[in-house]
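The primary structure of each chain is shown beneath.
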Amino acid sequence: MTSMKFVPRPSEERGNADHDWLKTFHTFSFAMYQDSKHELFGSLRVINEDRVAPRTGFGTHSHREFEIFSYVVAGELEHKDSMGNTEILKRGDVQLTSAGTGISHSEKAHGSKQVHFLQIWSLPTTSRLPPKYFTRHFTDAEKKDQWVRVVAPVGAEGVLADREGSGPTPVQSPLTLYATILGPGKSLAKPLERKKGYIHVIQTSGYNDKKATGASVKISSKGGEELTLREGDGSYIFVGNKGSVLTVENDGNSSAEVLVFDLD
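Values in this document were obtained by computation on a predicted structure and should not be read as measured data.

Moving on, we get to the pairing of strand E4 (residues 44-52). Taken across its nine residues, E4 has nine buried, putting it largely inside the fold. Of the strand pairs in this sheet, strand E3 (residues 22-26) and E4 are connected by five bridges, and their pairing is antiparallel. Opposite Phe25, over in E4, you have Glu49 as the bridge partner. With eight bridges joining them, E4 and strand E11 (residues 115-122) adopt antiparallel strand pairing. Of the residues in E11, the one forming a bridge with Leu44 is Ser122.

What follows is the structure, encoded as structure tokens:
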């Protein structure tokens, strides 16, 4: 394959559950939602878009091996884990737990407001690593009409192994995650350097379990592929030639918060 190909993942076809305290969407098979066509894409295993009611959340539970990161959209997320980390995460924060040989943690809505966040899991390149914890913060201003590299592989240029600090969050997977807040009429190009990609438009305007509405973006490639996505929609991307360029254009009338994964 030499040209880029898109395979849409419409929002209303994702796994969806409303547990009252938790409203959640699953891009990939997770919990009670199982679909053999959506199990894994490269090293990407989970994209859950969660809304957790005030003062509720996920009690202490355990993980092994997965790289688990939280991208906070709104509200405050309280994280506690068996490594002794306790933190209140806010909009713009990206927190990553490299579970390695095993950790336990809890995640709850802090304060009086719902927390909206994406929980993303990837498969590590190396198994049985020691558990680690990282946080980074990226402002809306940094993301406005430009790509910000929020997660990148350990050892990549500009990736620091510090618990906190500047630059991308380090991940033990062949995966780079870019984020933008793209204004109406704006367009961005993103060369993809790995074999696969995935794009997701965050549901910033509110919970919707029906056909996607809200902000609208058109994605295209030099080979002529085009696809329109709205909030909650995503698309698998088969890159073709290394360095092929994905173009994302906001063709709606409101800003769109968009994530793009470049991955093997």
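What follows concerns the pattern of salt bridges. A complete count under the given rule lists 14 salt bridges for this structure. Glu49 is paired through a salt bridge with Arg14; the nearest N and O atoms lie 3.5 Å apart. With a gap of 35 residues between them, Glu49 in strand E4 and Arg14 in the loop between strand E1 (5-9) and strand E2 (15-18) connect regions that are remote in the sequence. Owing to a relative accessible area of 0%, Glu49 belongs among the buried residues under this scheme. One salt bridge connects Arg91 with Glu257, and the closest N-O pair in it is separated by 3.0 Å. Here Arg91 is found in the loop between strand E8 (86-89) and strand E9 (93-98), whereas its partner Glu257 is found in strand E22 (residues 256-263), with 166 residues between them in sequence. Salt bridges linked by common partners bring Arg91, Asp140, Lys143 and Glu257 together as one network.

Let us look at the UniProt feature "domain: Pirin N-terminal" (unreviewed entry) in the chain. Per the UniProt annotation, the sites labelled "domain: Pirin N-terminal" (unreviewed entry) are residues 14-121. The distance from the first to the last C-alpha atom of residues 14-121 is 16 Å, and the span holds 0% helix and 57% strand.

Looking now at the nonpolar core. One finds Leu44, Leu177 and Phe261 to be the most contacted residues of the largest nonpolar core, which totals 26 residues. Going through the elements one at a time, E4, strand E6 (67-74), E9, E11, strand E13 (148-153), strand E15 (175-182) and E22 are the ones with two or more residues in this core. Discounting chain neighbours no more than four positions away, the residues touching Leu177 are Phe69, Ile120, Val148, Arg149, Val150, Val151, Leu259, Val260 and Phe261. With 21 residues, the next largest nonpolar core counts Ala215, Ile219, Ala256 and Val260 among its residues.

Phi at Ala31 is positive, roughly 50°, even though this residue is not glycine. As for its position among the elements, Ala31 is in the loop between E3 and E4. Residue classification places Ala31 among the exposed positions, given a relative accessible area of 57%. One non-glycine residue, Glu65, adopts positive backbone phi at about 70°.

Thresholds, definitions, all that
- Residue positions are counted from 1 within each chain, in the order its sequence is given.
- With pLDDT at 70 or above as the cut-off, local features in this predicted model cover only qualifying residues; side-chain atom pairs require 80 or more to be listed or tallied, and sums for whole chains, interfaces and linings still use all residues.
- The side-chain quantities take in all heavy atoms of the structure and omit both hydrogens and water.
- Type-normalised accessible area, obtained with a 1.4 Å probe on protein chains alone, sets the label of each residue: buried when under 20%, exposed when over 50%, and partly exposed for intermediate values.
- The secondary structure listing takes helices from DSSP runs of H or I that are at least 4 residues long and strands from runs of E that are at least 2 residues long, numbered from the N terminus.
- Should DSSP find at least two bridges between two strands, the strands are taken to pair.
- Put simply, a salt bridge is a Lys or Arg side-chain nitrogen that is within 4 Å of an Asp or Glu carboxyl oxygen.
- UniProt positions are given in the numbering used here, feature names are shortened, and annotations may be inferred rather than shown by experiment.
- We define a nonpolar core as any set of buried Ala, Val, Leu, Ile, Met, Phe, Trp, Tyr and Cys residues linked to one another through side-chain atoms lying within 4.5 Å.
- The criterion used for residue contact is that any of the two residues' heavy atoms lie within 4.5 Å.

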